[in-house]
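Coordinates in review
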Amino acid sequence: MGKMYEHSLSDLAEAFWRALSNPDVLDRDRTTLDMVKAWMRTCLHSKARVAQFKLVLELARQQQYSFNDLNYCLMGLLLQKMLEIKSKLESKRMEYEPEHFHRYLFKTTSIILLKCLTDLCETMGNNHNEYPQTWVDVRGENTYKSLETIQYNISQRKQALLLKQMIKDNWQERELNVLCHDLESGSKAGSARLADESRDNVYQLHKRTRDKLKQTMETHEISETAGKLFIWKYLQDLCQNCPVLRTYREMGHTHTTGGKI
Amino acid sequence: MNDMNKERLYEVYLASLKSGVEDIPESEMQEINLPEDENFSFEDNRVVFTEAEGNIIVVEAGKYEIWCLILEDAPNGMYKAFKISPFTAFASEYDLLIRAGSSIYLLEMDNSFLLSSDEVREGIPISAVDEEVFIAIKAQLQQSRAQASLKNTDLKHPDNLFRILEHEQTLGLRSRQVSAPLWIPQISLQYEREAAAVIPAAAADIGVAGAFEVLRRQQDENVYFAKEYTLHKNERHELILSPDQGYVSQKAEVRCGDIVVFRGILPESLILASFLPVSTLKAQRFLDINLKTIKE
């Protein structure tokens with residue numbers, strides 16, 4: 001197989017397989033992540049996919065989506081769908097010689113990428129939940145989509161990041177402190193925030209802050225799903241940079257490190 | 001989805017059917033940069049593959065890669081499969097939306113065909129539906145389809161072009177089932193959606209006197225003769241195309257307008273429609289049928 005970057009396609013296939021075998025490696029091994037990016041890049045630019053990829057890039061540009069976000073969602077969708085069929089890939093890996101398996105993996109990746117590109121394109125067109133009533137839906141009773149899956153929905157991701165930015169830019173520190181307390185108090189470690197407030201006050205503050213969050217979402221037309229994604233994925237990051245305030249009252253306070261779940 | 005986005009999605013769909021001329025040189029490849037400080041996490045949602053039924057596979061058929069769901073065994077070691085598509089935004093009253101793993105696909109209830117066990121074995125498995133969804137699909141396929149609420153009879157609209165191209169991809173596979181009615185876009189996408197608009201007389205109230213006139217003419221109207229074939233109706237009111245004897249067993253194409261609805265070895269007869277309550281002459285005019293042999 002040919003050379004791609006400084007690695008052969010077989011090297012890239014093996015790196016992709018390493019990522020499928022243990023996806024955590026993507027967050028701690030930069031080399032493997034780079035090789036997986038190179039693998040996806042090669043598959044996207046193959047004869048079978050390049051035309052669609054270019055059109056999706058064009059659509060993303062027209063609708064002002066970030067290319068980095070698009071790549072992230074594409075890679076997340078690809079890995080999610082490939083992980084789902086890992087048992088089949090494992091059996092092919094046992095059955096085939098390495099080079100044959102790498103070709104098989106390339107072909108399968110390329111096919112799955114079509115579904116990922118289509119999902120991205122349909123999401124950017126924002127047509128979800130617009131299915132005509134005449135359609136028969138047999139998606140199963142459990143239509144719940146996990147946040148792990150939703151994080152790769154580029155439209156929801158964009159909204160969740162917008163909400164993060166709105167809060168970062170427009171909320172007072174003491175308001176964010178309440179939201180962080182709400183988040184952290186559900187964890188085992190608890191939260192040092194609002195320690196000087198009575199239980200009743202904390203209850204009221206949570207309610208008021210949740211209402212403000214809801215209002216912020218409504219003002220910026222952010223979906224409930226994107227709101228959940230923000231809380232699950234991005235609020236923690238804001239809280240780690242938000243000083244721990246023991247009270248809601250405006251007064252001098254001692255900065256301590258942010259809470260961590 | 002608005003029409004502009006639908007047009008764009010249709011372009012992506014068209015691009016998915018065509019392969020580029022060659023791989024792009026590395027220097028021209030788009031860089032894959034990711035946002036800083038992002039991490040990945042995944043849902044544990046492994047699909048369970050079976051021997052065949054319920055699996056979603058991709059098979060090569062001519063120049064196309066056909067995505068399909070294997071439904072069940074068929075006689076002679078074949079499997080019955082339904083075309084599926086990742087382009088869910090084009091779904092119509094002829095489709096089911098089905099879940100497989102974390103993905104939603106469109107299953108085309110009017111686009112089924114037979115695959116040999118070799119074709120199934122050589123196909124690339126890309127997902128599988130779980131038991132609950134599989135049972136629901138089978139139940140839905142037994143029922144009559146939902147009524148169309150939209151009356152989109154424009155064959156040049158992306159929704160209908162999508163459907164025509166989906167059937168074009170499977171034409172060779174569908175032509176294996178000579179006893180099944182052909183898929184004809186003028187019938188499925190026009191007549192069945194808005195009969196009166198496409199064949200005005202079909203839905204007109206002819207009255208009692210008119211009915212006697214119809215009976216008188218019925219003998220003549222039940223047969224239409226063309227040079228290469230005869231159109232007639234059988235006792236079940238199916239519209240039948242019978243090629244002239246010189247054409248039977250030859251490789252041929254049947255077109256309705258400019259759309260190929262059959263390509264393969266011509267049998268003694270082909271079913272064009274299960275029920276089309278107009279004269280064969282009107283059917284011929286409406287469908288604009290022509291038949292010609294093709295070389296290998």
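Residues numbered from 1 in each chain as written. Chains lettered and ligands numbered in written order. Predicted model: local features only at pLDDT ≥ 70, side-chain atom pairs only at ≥ 80, totals over all residues.

1. With respect to the overall build of chain A
- The helix and strand tally for chain A stands at 12 helices and 3 strands.
- Across the 261 residues of chain A, 40% fall into the buried class.
- When contacts within chain A are restricted to residue pairs at least 6 apart in sequence, long-range pairs at least 24 apart make up 74% of them. (Helix = DSSP H or I, 4+ residues; strand = E, 2+ residues; numbered from the N terminus. Buried ≥ 20, exposed ≤ 12 C-beta atoms within 10 Å, placed from the backbone. Contact = placed C-beta atoms within 7 Å.)

2. Structural notes on the environment of Leu79(A)
- Within the element layout of this structure, Leu79(A) appears in helix 5 (residues 67–84).
- Since 22 C-beta atoms lie within 10 Å of it, Leu79(A) is described here as buried.
- Note: C-alpha distance between Leu79(A) and Val36(A) (43 residues apart in sequence) is 9.9 Å.
- Dropping the residues within four chain positions of it, Leu79(A) is found in contact with Ala19(A), Pro23(A), Phe40(B) and Phe42(B).

3. Quick word on helix 3 (residues 30–44) of chain A
- Over its 15 residues, helix 3 of chain A runs 21 Å from end to end, which matches the ideal 21 Å to within 8%, given 1.5 Å per residue.
- Among all positions in helix 3 of chain A, only Met35(A), Val36(A), Lys37(A), Ala38(A), Trp39(A), Met40(A), Arg41(A), Thr42(A), Cys43(A) and Leu44(A) are buried. (Expected span 1.5 Å × (residues − 1).)

4. Looking at the sheet that holds strand 12 (residues 270–273) of chain B
Residues and elements named next belong to chain B.
- Taken in spatial order, the 4 strands of this open sheet run 7-8-9-12, and their pairing is antiparallel. On the outer flanks of this sheet lie strand 7 (223–225) and strand 12, each paired with one strand and no other. Each strand of the sheet is rotated relative to its neighbour by a mean of 25°, with strand direction disregarded.
- Where strand 9 (residues 239–243) meets strand 12, 3 bridges bridge the pair, whose relative direction is antiparallel. Within the sheet, the bridge partner assigned to Leu 241 lies in strand 12 and is Leu 270.
- Together, strand 7, strand 8 (229–233) and strand 9 form the strand contacts of helix 9 (residues 280–287), whose direction differs from that of strand 8 by roughly 120°. (Pairing = 2+ DSSP bridges. Axes fitted to C-alpha atoms, helices over the stretch in contact; angles between N-to-C directions.)

5. Let's talk about the domain arrangement of chain A
Residues and elements named next belong to chain A.
- What the domain assignment lists for chain A is domain 1 (3–124) and domain 2 (147–240).
- Inter-centroid distance (C-alpha atoms) of domain 1 to domain 2 is 33 Å.
- Taken together, the contact pairs 10 residues of domain 1 with 8 residues of domain 2.
- Contributions of two or more residues to the side of domain 1 that touches domain 2 are made by helix 5 and helix 7 (98–124).
- Ranked by residue count, the leading element in the side of domain 1 that touches domain 2 is helix 5, at 6 residues. (Domains from an automatic or database assignment.)

6. Observations regarding the sheet that holds strand 11 (residues 259–265) of chain B
Residues and elements named next belong to chain B.
- Strands sit in the order 11-10-13 across an open sheet of 3 strands; the sheet is antiparallel. Two strands lie at the open edges of the sheet, namely strand 11 and strand 13 (289–293), each paired on one side alone. Going across the sheet, the axis of each strand differs from the next one's by a mean of 20°, ignoring polarity.
- In the sheet, strand 10 (residues 251–256) pairs with strand 13 via 5 bridges, with the strands oriented antiparallel. Bridging from a neighbouring strand, Val 254 pairs with Leu 291 of strand 13.

7. Details of the interface of chain B and chain A
- With 63 residues of chain B in contact, the opposing surface of chain A contributes 58 residues.
- Class assignment for the residues of the side of chain B that touches chain A results in 31 nonpolar, 17 polar and 15 charged. (Nonpolar A, V, L, I, M, F, W, Y, C, P; charged D, E, K, R; others polar.)

8. A word on the confidence of the model for chain B
- When the pLDDT values of chain B are averaged, the result is 87; 88% of them are 70 or greater.
- Here the predicted complex carries an ipTM of 0.87, next to a pTM of 0.88. (pLDDT = per-residue confidence, 0-100.)

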